[in-house]
Structure formats: C-alpha cells, structure tokens
Amino acid sequence: MGKAVRVRVRVRAWTWVLEGWARVGPAGSRRRDAGMVTSEYAMGLIAAVGFAALLYEVLTSGQVRGALQDIVGRALSGEF
C-alpha cells in the first residue's frame, strides 16, 4: 500500500471517529432531540385534562349513569 493510500485511509478513519464522537458526545448521550419540550408537555397536559373533564361529564350524566348501572346490575344478576 502506498504512502498516499495509507494517509487517505487514516484520514477517513479519523473522520469517521470524529463524526461518531460529534453524534454521540463526550458523555455518550445522543444530542438530537428525541422528546418533547416543556411547552409541548404543557399543551399535552391541558388536552388531557380537557378530555378527562369531558369524559367525566359524559359518564356522570343521568342517561349514561343509568345505562352503566343497568349493565352492572345485569352482570351481577347473571342476565345477558
């Protein structure tokens, strides 16, 4: 192998090592963003609370409550 080829191979190897180091970082953690930021957590929390409130209102309404009690009553009595 000629000297020029060895130098190119060595440069490519170091480039590969340094690119990998830049991707992973010194502590071994990934630098790319793989999660949500605080504002996204807040929006998700607000949406979840809104959905929970809506679900609570639907399940505690008179009609749904009666239907659920009927289902539970039939299940406990053995009627299907």
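That block above? That's the structure.
Here is a short report on the structure shown in this document. Keep in mind the model is a prediction, meaning the values are calculated, not measured. Here the residue numbers are simple positions, counted from 1 along each chain's written sequence. Restriction of local features to residues with pLDDT of at least 70 applies here, the model being predicted, together with a cutoff of 80 or more for giving and counting side-chain atom pairs; totals for whole chains, interfaces and linings are based on all residues. Water and hydrogen atoms play no part in the side-chain values, which are based on all heavy atoms of the structure.

Quick look at the pattern of salt bridges
Opposite charge on two side chains lets them pair, provided their charged atoms get close.
Point 1. A pairing counts as a salt bridge when a side-chain nitrogen of Lys or Arg comes within 4 Å of a carboxyl oxygen of Asp or Glu. In the structure shown here, the tally under the stated rule is one salt bridge.
Point 2. The salt bridge partner of Arg74 is Asp70, with a shortest N-O separation of 3.6 Å. Taken together, the residues span about one helical turn, with Arg74 and Asp70 both in helix α3 (residues 62–77) at a distance of four residues. For the purposes of this entry, the term helix denotes a DSSP run of H or I that reaches at least four residues, the term strand denotes a run of E that reaches at least two, and both are numbered from the N terminus.

Regarding α3
Point 1. Taking 1.5 Å of rise per residue, 16 residues should cover 22 Å, and α3 covers 22 Å from first to last C-alpha, within 8% of that figure.
Point 2. Positive phi shows up at Gly78, right after α3, with a value of about 90°. Under the convention used throughout, the expected extent of a helix is 1.5 Å for every residue step, that is, one less than its residue count.

Some thoughts on helix α2 (residues 38–59)
Point 1. If you check α2, its first and last C-alpha atoms are 31 Å apart, about what 22 residues at 1.5 Å a residue would give, namely 32 Å.
Point 2. Exposed residues in this analysis have more than 50% of their type's maximum accessible area, buried residues have under 20%, and partly exposed residues fall in between, with area computed by a 1.4 Å probe over protein chains only. Little of α2 is tucked away: zero of the 22 residues are buried.

Let's talk about a nonpolar patch on the surface
Point 1. Here, patches come from residues exposed beyond 30% relative accessible area and free of salt bridges, joined within 9 Å for like charges and within 5 Å for nonpolar side chains (Val, Leu, Ile, Met, Phe, Trp, Tyr). Per-residue accessibility takes into account occlusion by the displayed protein chains alone, with areas from the Shrake-Rupley method and a 1.4 Å probe. There is a patch of nonpolar side chains on the surface, built from Phe51, Leu54, Leu55, Val58, Leu59, Leu68 and Ile71 and spanning about 650 Å² of accessible area.
Point 2. When contributions to the nonpolar patch are tallied by element, the ones reaching two or more residues are α2 and α3.
Point 3. By residue number, the principal contributor to the nonpolar patch is α2, which donates five residues.
Point 4. Position of Ile71 relative to the elements: it lies in helix α3.
Point 5. The exposure class assigned to Ile71 is partly exposed, which follows from its relative accessible area of 47%.

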